[in-house]
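Below, each chain spelled out in residue letters.
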Amino acid sequence: MAISAHRPAVRDVVFVEGVRTPFGKARPDGLYADTRADDLAVKAVRELLRRRPELPVERVDEVALAATTQTGDQGLTLGRSVAVLAGLPRSVPGFAVDRMCAGAMTAVTTTASAIGVGQQDVALAGGVEHMGHHPMGFDSDPNPRFVSEKLVEPTALVMGSTAENLHDRFPHLTKERADAYAVASQQKYAAALAAGQITPDLAPVAVRSPELGWGLATRDELARPGTTVESIADLKTPFRPAGRITAGNASPLTDGAAVCLLVAGDVVADLGLPARMRMVSFSYMGVAPEVMGIGPIPSTERALANAGLTIDDIGLVEINEAFAVQVLSFLDHFGMADDDPRVNRYGGAIAVGHPLASSGVRLMTQLARQFAEHPDVRYGITTMCVGLGMGGTVVWENPHHADYSGHTTAPTEN
């Protein structure tokens, strides 16, 4: 579409809608064992467009899709291939993104940047990860100089080992605290599911298995609502003998996709679309790869500084639970309690799963729903640690708040 030559230098960017597939176990008997990764992304895109009939599909200016392992059914320039497979006009371009776990987050901030400077009006952004088809690190070939030249510690290339390193660095973050946090995540997810706060954001997916034939995936597969501290206390520690990281206090291997719709603040009203969040600022920062879990700390500090805010201004936090100890390090740094009610009100990745490059949009979708439930909260953040030593954070503003400073006049909705 033609872009006006008289657009303002910086425009508001709003999050209109986010959807995700149910998350499945990355196993031969998991929900999506016989489903292609790109088809998961296509389903999320189609559901997103179905929910927004006000949006003419020809108004989509970009499709950005992330995957950590870009090969096989996660290869072939995902954004463009998914746009074609989803039936978007041939004029709609697309591209692929890789920032490991922050892939979808990066797809969002990259397309938002283009919208903000007036080069695009509407974008679809998200990610997919089929860890059942493409296990983490599968067919990768890390340069031997990483270790031989001591650029990183050997443990830096194994995410579970980096979490063990966090326990070493912060011995007060005990396994007992990690286990208790993990159990609370399971409980919060179960409560949110029962309260109807999870299912509305899911895109049902037709699935097929050789044993059962065709069915419909409508629920996440990984949660363990009956988990207790006692039931996970003695689980194996696969990354270190007598370690502290177990399947109970870490996110499980997961398949899934998530996609969101971003629109310029001065365009949403014209299209009759709602504004559910306004992007305020974002930041990505690097840290020592062997303790990659602390990445959200400097990225959050910088994103808050960019926005002229402090952590005390943040009323809701969606942080990815790659490992419980990683979340605890963040909470301790910012003086927040392990059970701070602002944090992961619907539970997190320990319960629902972490399909790597798609998780950033899951965090955003959940934050948008919480903003609608809590009009008293003005600002929230989505944040996550990233492999090879990075963190990413996005600050969002709630349009339901009485002091909302965005310039959009579009209606808000739950």
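Residues numbered from 1 in each chain as written. Predicted model: local features only at pLDDT ≥ 70, side-chain atom pairs only at ≥ 80, totals over all residues. Heavy atoms only, no water.

J.: Go over a nonpolar patch on the surface with me, naming the residues and quoting the values.
T.: On the surface, Val147, Leu157, Val158, Phe239 and Leu388 cluster together into a nonpolar patch covering about 360 Å² of accessible area. Take valine 158: it is sitting in the loop between α4 (145-148) and α5 (159-169). (Patch = residues over 30% accessible without salt bridge, like charges linked within 9 Å, V, L, I, M, F, W, Y side chains within 5 Å. Areas by Shrake-Rupley, 256 points an atom, 1.4 Å probe, with all protein chains shown as cover. Salt bridge = Lys/Arg side-chain N within 4 Å of Asp/Glu carboxyl O. Helix = DSSP H or I, 4+ residues; strand = E, 2+ residues; numbered from the N terminus.)

J.: Give a description of the UniProt feature "domain: Thiolase C-terminal" (unreviewed entry) in the protein that names residues and reports values.
T.: Using the residue numbers shown here, the UniProt feature "domain: Thiolase C-terminal" (unreviewed entry) corresponds to residues 277-397. Helix and strand shares over residues 277-397 are 34% and 26% respectively, and the end C-alpha atoms of the span are 6 Å apart. (UniProt positions renumbered as here; feature names shortened; annotations may be inferred.)

J.: Tell me about the pattern of salt bridges, and please be specific about residues and values.
T.: Across all of its chains, the model carries 23 salt bridges by this definition. Between aspartate 38 and arginine 36 there is a salt bridge, with its nearest N and O atoms 2.9 Å apart. Residue classification places aspartate 38 among the buried residues on the basis of a relative accessible area of 9%. In this structure, arginine 51 and glutamate 47 form a salt bridge, with 2.7 Å as the shortest nitrogen-oxygen distance. In this pair, arginine 51 and glutamate 47 both sit in helix α1 (residues 37-51), 4 residues apart, roughly one turn of the helix. (Buried < 20%, exposed > 50% of the residue type's maximum accessible area, 1.4 Å probe, protein only.)

J.: Got a sec to walk through the pairing of strand β12 (residues 390-397)? Specific residues and values, please.
T.: Counting buried residues in β12 gives 7 out of 8 residues, a clear majority hidden from the surface. Sheet topology note: the strand β9 (residues 277-286)/β12 ladder contains 8 bridges and is antiparallel. Directly across from glycine 286, in β12, lies its bridge partner methionine 390. One ladder, built from 8 bridges, connects strand β11 (residues 379-386) with β12; its direction is antiparallel. When the sheet's bridge partners are listed, isoleucine 381 is paired in β12 with valine 395. Linking β11 to β12, which pair antiparallel, is a turn of 3 residues; within it leucine 388 sits at a positive phi near 65°. (Pairing = 2+ DSSP bridges.)

J.: Before we move on, can you summarise the nonpolar core with the specific residues and values?
T.: Counting residues in hydrophobic clusters, the biggest one holds 76 residues, and the most contacted among them are Val108, Leu124, Leu261, Leu262, Val263, Met364 and Trp396. Excluding anything up to four places from it in sequence, valine 263 contacts Asp12, Val13, Val14, Val16, Ile115, Asp121, Val122, Val268 and Leu273. Ranked by size, the runner-up nonpolar core spans 37 residues in total, among them Tyr181, Ala250, Phe323 and Val343. (Core = buried A, V, L, I, M, F, W, Y, C linked by side-chain atoms within 4.5 Å. Contact = heavy atoms within 4.5 Å.)

J.: I'd like to hear about the layout of surface pockets, residue by residue, with values.
T.: Of the voids in this model, the largest pocket is the one considered here, and its volume is about 1100 Å³. Residue lining of the largest pocket: 40 residues in total, with Met131, Met136, Met159, Leu253 and Leu356 positioned closest to the centre. Along the lines of polarity and charge, the residues of the lining of the largest pocket split into 24 nonpolar, 11 polar and 5 charged. (1 Å grid on protein atoms, 1.4 Å probe; cavity = no way out; pocket = protein on both sides within 12 Å on 5 of 7 lines; lining within 4 Å. Points joined across faces, edges and corners; volume = space filled by probe spheres on them. Nonpolar A, V, L, I, M, F, W, Y, C, P; charged D, E, K, R; others polar.)

J.: Run through the packing of aromatic side chains, naming residues and quoting values.
T.: Counted by the stated rule, this structure contains 3 aromatic pairs. Ring centres 4.8 Å apart and planes at 55° place the aromatic pair phenylalanine 330 and phenylalanine 334 in the tilted group. Residue phenylalanine 330 is classed as buried on the basis of its relative accessible area, which comes to 1%. Under the relative-accessibility criterion, phenylalanine 334 is labelled buried at 15%. Over the face of the ring belonging to phenylalanine 23 we find arginine 20, whose NZ or CZ atom lies 4.4 Å from the ring centre. The ring centre of tyrosine 284 lies 3.7 Å from the NZ or CZ of arginine 99, which sits over that ring. (Phe/Tyr/Trp six-rings, centres within 6.5 Å; stacked < 30°, edge-to-face > 60°. Lys NZ or Arg CZ within 6 Å of the ring centre and 35° of its normal.)

J.: I'd like a rundown of unusual backbone geometry, residues and numbers included.
T.: Within the chain, methionine 100 stands out as a residue other than glycine whose phi angle is a positive 50°. Turning to its location among the elements, methionine 100 is positioned in the loop between β4 (94-97) and α3 (103-116). The exposure class of methionine 100 is partly exposed, given its relative accessible area of 28%. With phi around 55°, lysine 150 is a residue other than glycine that occupies positive phi space. Given the relative accessible area of 74%, lysine 150 is considered exposed.

J.: Describe the environment of leucine 31, with residues and values.
T.: Tracing the backbone through its elements, the reader meets leucine 31 in the loop between β2 (24-25) and α1. Taking relative accessible area as the criterion, leucine 31 reaches 22% and is therefore assigned partly exposed. With 188 residues separating them in the primary sequence, leucine 31 and arginine 219 have C-alpha atoms 9.9 Å apart. In this view, leucine 31 contacts Phe23, Gly24, Lys25, Val207, Ala217, Arg219 and Glu221; residues no more than four positions away in its chain are not counted.

J.: Describe the UniProt feature "active site" (unreviewed entry) in the protein, and please don't skip the residues or the numbers.
T.: UniProt's entry tags Cys101, His354 and Cys385 with the feature "active site" (unreviewed entry), counted in the numbering of this structure. In terms of the greatest pairwise C-alpha distance, the residues named above, spread along 285 residues, form a tight cluster of at most 11.9 Å across. Of the annotated set named above, Cys101, His354 and Cys385 line the largest pocket. Among the structural elements, cysteine 101 can be located in the loop between β4 and α3. Tracing the backbone shows cysteine 385 in strand β11. Exposure remark for cysteine 385: the relative accessible area of 1% places this residue in the buried category. Look past the residues within four positions of cysteine 385 in its chain and what remains in contact with it is Cys101, Met292, Gly293, Pro296, Ala322, Gln326, Met390 and Gly391.

J.: Can you lay out α3 for me, pointing to particular residues and giving the numbers?
T.: Counted at 1.5 Å a residue, the expected span for α3 with its 14 residues is 20 Å, and the 20 Å between its end C-alpha atoms agrees. α3 sits mainly inside the fold: 12 of its 14 residues count as buried. Glycine 118 sits one or two residues past α3 and shows a positive phi near 85°. (Expected span 1.5 Å × (residues − 1).)

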